[in-house]
Amino acid sequence: MNNYLISQNGYMRGLLVVTAAVLLCACTNDDVYSSAEEFVASGTETIVPKTIETDMSTLTETAEVDDWDGSYKVTIALSDAGSTLTGDVSRISYTETNGDLVITSTKKGMEYVVSGTKTDGMLKIYSDNKYKLTLNGVTINNNDGPAINNQGKKTLDLYLADSSINTLTDGGTYTTSTEDQKSTFFSEGQIVLNGTGTLNITSKYAGGMITDDYIILKPGHQLNVTSSAGHALKGKDGVYVNGGVNNLVTSADGAKALNSENRIEINGGRTVAIATGTPVINGTDTTSVAAVKSDSSIYITAGTLNAKVTGNDAKAVNADYDITMTGGTLNAVATGKEVNSKPKAVKADGSITINGGHAYACSLYGKAMDDNDDIITYQSTATTNITTHLITIGY
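Since we're looking at a predicted model, the values are computed, not measured.

Visitor: Even after reading the chapter, I still don't get the overall build of the chain, so can you show me in this structure?
Guide: A tally of regular secondary structure across the chain gives one helix and 36 strands. The buried share of the chain, reckoned over its 395 residues, is 55%. Sequence-distant contacts, at least 24 apart, represent 65% of the contacts inside the chain between residues at least 6 apart. Of the roughly 15500 Å² that the chain leaves accessible, carbon and sulfur atoms contribute 46%.

Right, dumping it as structure tokens:
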């Protein structure tokens, strides 16, 4: 086992060779510098971090076959003058008041194919069963609430029609409701996103896309979420990124670009997560900003995750338990300073294990990688570049 102790000047010392390698990140000097100039002048390291920004370019990947086998379809043409519903309308009940289209169904196998525009309204769906929602050129702005609100607790199969561009926006305030309305696109149940269209979500009051269950992102789509008021994307019970081009950005204080109270998996696609807010301080409690935050563990098996934070005290990739990487690419950058807690590029309260793929971590004013034991585990076959503030580990 190779043990690398990072010394004050950022270089490695200590070497014992066996089959695997372990990086000891316990630094004898955990300095925090007041400026980039002082940081460079210290002679510790001279670093220009990787540039991480939203990336709208296409990604070559094979979309999954749409295996929906429902029996009934309702086609909806949204309009400010009154929406038109055709097809198996007898299977549902609906009302439209003040621009809000509310659909209720107790039937199985329902699909809603939606197109058109609402300049001030909402699509809300109640369902006792799993259903499919196909967006085929939808623009919804709601000045006082979510654009889409799924109150069904079963799986929502969200399908973006081929080449379609769909845009959802909320307003600066939400009307008080006894129901959850946590984001511009909110769902009580699971969300499974499929298709090869584009979904653009902007949030001014709450989160961007939030489910109180889990969310699965399949290959083929483009998802662009921007929130100035909350998390960009959150799956309370888990986030599974299996593909797609995903740009997740938040500028809200204390918020996360990609968030879950359970595990986060990156299994494919290209995901950019950027958080630029500042920490929220309540007495002795500090809620820091993070690009990616799991209250459980983070797993990276394939695809690309680019994560960046610019606020003070922030962590680019942060897990309450473990971070495990067996493939794919991770680029994590933290540029903020320490005010109440130490900034980190990659932080785990449990362990950090990198057994495959390529990891890049850079924190200008804190450790590049840090876990509970100050030990980063990787294989002896890895190619490494290790300093206090910059670490690369690749295979």
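Structure's up, so let's keep going.
Visitor: So what exactly am I meant to see when it comes to the packing of aromatic side chains here?
Guide: Both the distance between ring centres and the angle between the ring planes are used here to describe each pair of aromatic rings. Tallied over the entire structure, the rule returns three aromatic pairs. For the pair Tyr-112 and Tyr-131, a centre-to-centre distance of 5.6 Å together with 80° between the ring planes defines the contact as edge-to-face. Here Tyr-112, found in strand 8 (residues 110-118), pairs with Tyr-131, found in strand 10 (residues 131-142); they are 19 residues apart in sequence, far enough to count as distant. Each member of the pair, Tyr-112 as well as Tyr-131, carries the same accessibility label: buried. In this structure, Lys-132 packs its charged tip against the face of Tyr-159, placed 4.5 Å from the ring centre.

Visitor: Would you mind going over the pattern of salt bridges with me for this structure?
Guide: As a working rule, side chains carrying opposite charge can pair if their charged atoms are close by. Within this structure, the stated rule accounts for 19 salt bridges. Among the salt bridges present, the one from Lys-153 reaches Glu-188, with a minimum N-O distance of 3.6 Å. Here Lys-153, found in the loop between strand 11 (148-150) and strand 12 (156-160), pairs with Glu-188, found in the loop between strand 14 (183-187) and strand 15 (191-195); they are 35 residues apart in sequence, far enough to count as distant. A relative accessible area of 59% means that Lys-153 is categorised as exposed. Residue Lys-344 is joined to Asp-370 by a salt bridge in which the shortest nitrogen-to-oxygen separation is 2.8 Å. Here Lys-344 is found in strand 31 (residues 344-348), whereas its partner Asp-370 is found in strand 33 (residues 367-370), with 26 residues between them in sequence. Across this residue pair, the class does not change: Lys-344 and Asp-370 are buried.

Visitor: Looking at this structure, how should I read the nonpolar core?
Guide: In globular proteins that are soluble, nonpolar side chains generally tend to be buried together. Among the nonpolar cores identified, the biggest contains 76 residues, and Tyr-112, Leu-133, Met-209, Leu-223, Val-292, Val-317 and Val-346 are the most heavily contacted of them. Discounting residues that sit within four places of it in the chain, Val-317 has contacts with Val-292, Ile-298, Ala-307, Ile-323, Leu-330, Ala-332, Ala-345, Val-346 and Lys-347.

Visitor: What should I look at first to understand the environment of Val-113 in this one?
Guide: Tracing the chain through its elements places Val-113 in strand 8. Placed 48 residues apart in sequence, Val-113 and Ala-161 show a C-alpha to C-alpha distance of 9.1 Å. Here Val-113 is in contact with Lys-73, Val-74, Thr-75, Ile-76 and Thr-134, once residues within four sequence places are set aside.

Visitor: Got a minute to help me understand the environment of Ala-232 in this structure?
Guide: Its place among the elements puts Ala-232 in the loop between strand 19 (222-227) and strand 20 (233-235). Separated by 24 residues in sequence, Ala-232 and Lys-256 place their C-alpha atoms 6.7 Å apart. Once you skip the residues sitting within four places of it in the chain, Ala-232 turns out to touch Gly-208, Met-209, Val-225, Ser-227, Leu-248, Val-249, Thr-250, Lys-256 and Ala-257.

Visitor: Before we go on, may I ask you to explain the sheet that holds strand 7 (residues 100-105) in this structure?
Guide: The strands that make up a sheet pair up through hydrogen bonds in the backbone, lying either parallel or antiparallel. Spatial ordering of the open sheet is given by 6-7-9-11-14-17-20-23-27-29-31-33, a layout of twelve strands whose pairing is mixed. If you trace the sheet from one side to the other, it starts and ends with strand 6 (93-97) and strand 33, each paired once. Put simply, the sheet's adjacent strands are angled 10° from each other on average, direction ignored.

Visitor: Explanation requested: the confidence of the model for the chain in the structure shown.
Guide: A low pLDDT means the predicted coordinates there should not be read in detail. Confidence along the chain averages 89 in pLDDT terms, with 89% of residues attaining 70 or more. Throughout residues 1-43 the model reports pLDDT below 50, and contacts reaching past four residues in sequence, or to other chains, amount to 110 contacts.

Visitor: What's the story with the side chain of Thr-184 in this structure? I'm lost.
Guide: Relative to the helices and strands, Thr-184 resides in strand 14. Under the relative-accessibility criterion, Thr-184 is labelled buried at 0%. Ignoring sequence-local partners within four residues, the contact set of Thr-184 consists of Pro-146, Ala-147, Ile-148, Leu-168, Thr-169, Asp-170, Tyr-174, Ile-201, Thr-202, Ser-203, Gly-207 and Gly-208.

Visitor: Help me understand the pairing of strand 22 (residues 245-250), please; the structure alone is not making it clear to me.
Guide: Taken residue by residue, a regular strand's side chains alternate between the two faces of the sheet. Burial runs high along strand 22: six of the six residues are buried. Burial along strand 22 is two-sided: the face carrying Val-245, Asn-247 and Val-249 and the face carrying Asn-246, Leu-248 and Thr-250 are both buried. Across six bridges, the pairing between strand 19 and strand 22 is parallel. Directly across from Gln-222, in strand 22, lies its bridge partner Val-245. Pairing between strand 22 and strand 24 (residues 264-275): six bridges, direction parallel. By the bridge assignment for strand 24, Leu-248 is matched with Ala-273.

Calculation notes
- Residues take numbers from 1 onward in each chain, read along the sequence in its written order.
- Local features in this predicted model are restricted to residues of pLDDT 70 or higher, and side-chain atom pairs are both shown and tallied only at a pLDDT of 80 or more, whereas totals for entire chains, interfaces and linings draw on every residue.
- Computation of side-chain values covers all heavy atoms of the structure but excludes hydrogens and water.
- A helix here means a DSSP run of H or I that spans at least four residues, while a strand means a run of E at least two residues long, and both kinds are numbered starting from the N terminus.
- For every residue, the accessible area (1.4 Å probe, protein chains only) is compared with the maximum for its type, and the residue is labelled buried under 20%, exposed over 50%, or partly exposed between those bounds.
- Whether two residues are in contact is decided by their heavy atoms, any of which lying within 4.5 Å being enough.
- The protein chains shown are the only cover counted for residues, whose accessible areas, like all others here, come from Shrake-Rupley with a 1.4 Å probe.
- Under the pairing criterion, centres of Phe, Tyr and Trp rings, with the six-membered ring standing for Trp, must be within 6.5 Å; the plane angle then separates stacked pairs below 30 degrees from edge-to-face pairs above 60, leaving the rest tilted.
- For a ring to carry a charge above it, either NZ of a lysine or CZ of an arginine must fall within 6 Å of the ring centroid while also lying within 35 degrees of the normal to the ring plane.
- Counted as salt bridges are all cases of a side-chain nitrogen of Lys or Arg within 4 Å of a carboxyl oxygen of Asp or Glu.
- Residue types Ala, Val, Leu, Ile, Met, Phe, Trp, Tyr and Cys, when buried and joined through side-chain atoms within 4.5 Å, form a set referred to as a nonpolar core.
- Whether two strands pair comes down to DSSP finding at least two bridges between them.
- Only the stretch in contact is used when a helix axis is fitted, and all axes are lines through C-alpha atoms; the angle between N-to-C directions ranges over 0 to 180 degrees.
- Known as pLDDT, the predictor's per-residue confidence is scaled from 0 to 100.

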